[in-house]
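Letter by letter, the chains look like this.
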Amino acid sequence: MTGTPKELTVTAQQGDYKVVIGTGLLQQASSWLTSILNPKTSLMIVYDAKLESLGYVKTLEQSLKKEFVNVYSFAVESGESSKSLQHAARLYSAFLAAGLDRRSAVLALGGGVIGDLAGFAAATFMRGIDFVQIPTTLLAHDASIGGKVAINLPEGKNLVGAFHAPRLVLYDVATLQTLPLYERSSGLAEAIKHGVIYDPELFAYIEEHVEPILLGDSDALTHLLYQSCKVKAKIVSQDERESGIRAFLNFGHTIGHAIEALQYGYYTHGAAVAIGMIYETKIARRLGKIDVEFEDRLRVLLEKAQLPTSLPAEQKSKEAIDALIEHMRRDKKAHSRSLPFILPERLGTVSFEASVDEAVVRQVLAD
Ligand SMILES: NC(=O)c1ccc[n+]([C@@H]2O[C@H](COP(=O)([O-])OP(=O)(O)OC[C@H]3O[C@@H](n4cnc5c(N)ncnc54)[C@H](O)[C@@H]3O)[C@@H](O)[C@H]2O)c1
Ligand SMILES: [Zn+2]
């Protein structure tokens, strides 16, 4: 894509912020940032170490140094294990060594791991400093909007975190060119989810353009990201703290999180969510909420997006299902013999089901 970037605004208590989506935005970063920050602001780029050899870190630094006097950078090793207290502590030390203060800003350059970790460090350093998201994965379109930041504990994912809205989200679609295919599929799962919960047109767009999206076509990616970010932005603008409709974003995630936690490293987040969306749709079918046509349409699209749609036979043993249920129960803090779910009613509409009988969930997982 060439031409003018697309822009959205997210409403947040800490201040509304823009999401800018386009090609070549890393090169233009200084002009976007000077629209929100004083050039005297010290900037700390926290980046995924994998991005250094791809040239993105240098491009961003060069652009920022045109306007900003103090630009620092800090590499974080790639992977979910970097979302830890130890890595956050390393960031605080690096912030102090660089002389960051309350007026400084942290820029997260990378996928959801870097956004969550750097955002958590920015939320807590000196009781919270400015934060800018510069996502480089397709999945991070979901992670970079909404202000949720977190790190993991050995006991589980995202157990320590904060709401810390970014000042800006700068999404350079050109960085997605180097993303491995399976990571594009992973991000696409969240966009498909946004279609299911809120936007039938987005769902239909993905059905028609899944191939160019997976091949990394800039126009298709830009349109997809704009529409999908729009859904996320609308939902979190209405319900920033998840007291209502923000929970709809969890469609596919109750089962997806359990799969991800128990099969650590085997499935990408999006792959686990894809399986979760199909199983949660099956639950909705058993409860008479939705027809088989929807389930088939969703499965066909997920398969086209090169995502899995069922658990392999060896993960359907009684022991494996017990472990999944146990994880969901802990995750949802559900103490009774039932579990809460977000279930589809028709394409574009989901609802909250406070208690689904555990027996129904077991039947679906074993199916
Ligand atoms: N805060 C939220 O609201 C929210 C929402 C969804 C997910 N998340 C979190 O996001 C994380 C997952 O995000 P993710 O899928 O982006 O994972 P990730 O950050 O681990 O990135 C995936 C992989 O892509 C590599 N990579 C990143 N950019 C690249 C590029 N341009 N070219 C080539 N390789 C590149 C990374 O090194 C990594 O190996 C999870 O920790 C999840 O909990 C947070
Ligand atoms: Zn997700």
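Residues numbered from 1 in each chain as written. Chains lettered and ligands numbered in written order. Predicted model: local features only at pLDDT ≥ 70, side-chain atom pairs only at ≥ 80, totals over all residues. Heavy atoms only, no water.

A. Up close: the packing of helix α9 (residues 253-262) against helix α12 (residues 318-331). Closest axis-to-axis distance for the α9/α12 pair is 9 Å, and the angle between their directions is 115°. By crossing handedness, the relation of α9 to α12 is classed as right-handed. On α12, the residues touching T254, I255, H257, A258, I259, A261 and L262 of α9 are A323, L324, H327, M328 and D331. Here the contact of α9 with α12 is built from residues that sort into eight nonpolar, three polar and one charged. (Axes fitted to C-alpha atoms, helices over the stretch in contact; angles between N-to-C directions. Helix = DSSP H or I, 4+ residues; strand = E, 2+ residues; numbered from the N terminus. Left-handed = near helix turned anticlockwise from the far one by under 90°. Contact = heavy atoms within 4.5 Å. Nonpolar A, V, L, I, M, F, W, Y, C, P; charged D, E, K, R; others polar.)

B. The arrangement of helix α11 (residues 292-304) in detail. Between its first and last C-alpha atoms α11 spans 18 Å; for 13 residues at 1.5 Å apiece the expected length is 18 Å, and the two agree. Every buried residue of α11 is accounted for by F294, E295, L298, L301 and L302. Down the axis, α11 shows its buried residues gathered within 135° of arc, on one side only. The elements touched by buried residues of α11 are α6 (181-198), α7 (200-215), α10 (269-286) and β10 (338-346). The positive-phi residue at the C-terminal boundary of α11 is Q306, with phi of around 60°. (Expected span 1.5 Å × (residues − 1). Buried < 20%, exposed > 50% of the residue type's maximum accessible area, 1.4 Å probe, protein only. Arc of directions from axis to C-beta.)

C. View of the domain arrangement of the protein. Splitting the protein by domain gives domain 1 (6-179) and domain 2 (182-366). Listed per partner, the contact involves 27 residues of domain 1 and 32 residues of domain 2. Here domain 1 meets domain 2 over a buried area of about 2,800 Å², counting both sides, of which 63% is carbon and sulfur. Linking domain 1 to domain 2 there are three salt bridges. Close ionic contact of K193 with D142 constitutes a salt bridge, the shortest N to O distance being 3.8 Å. Inspection of the region where domain 1 meets domain 2 yields 11 residue pairs in polar contact (both at pLDDT 80 or more). Looking at the side of domain 1 that touches domain 2, the elements with two or more residues in it are β1 (6-10), β2 (17-22), α5 (140-143) and β8 (156-163). Examining the composition of the side of domain 1 that touches domain 2, we find that five residues originate from one element, β1, more than from any other. Counted by class, the side of domain 1 that touches domain 2 contains 13 nonpolar, seven polar and seven charged residues. (Domains from an automatic or database assignment. Buried area = accessible area lost by both parts, 1.4 Å probe. Salt bridge = Lys/Arg side-chain N within 4 Å of Asp/Glu carboxyl O. Polar contact = N/O pair within 3.5 Å; in protein donor to acceptor, adjacent residues only side chain to side chain.)

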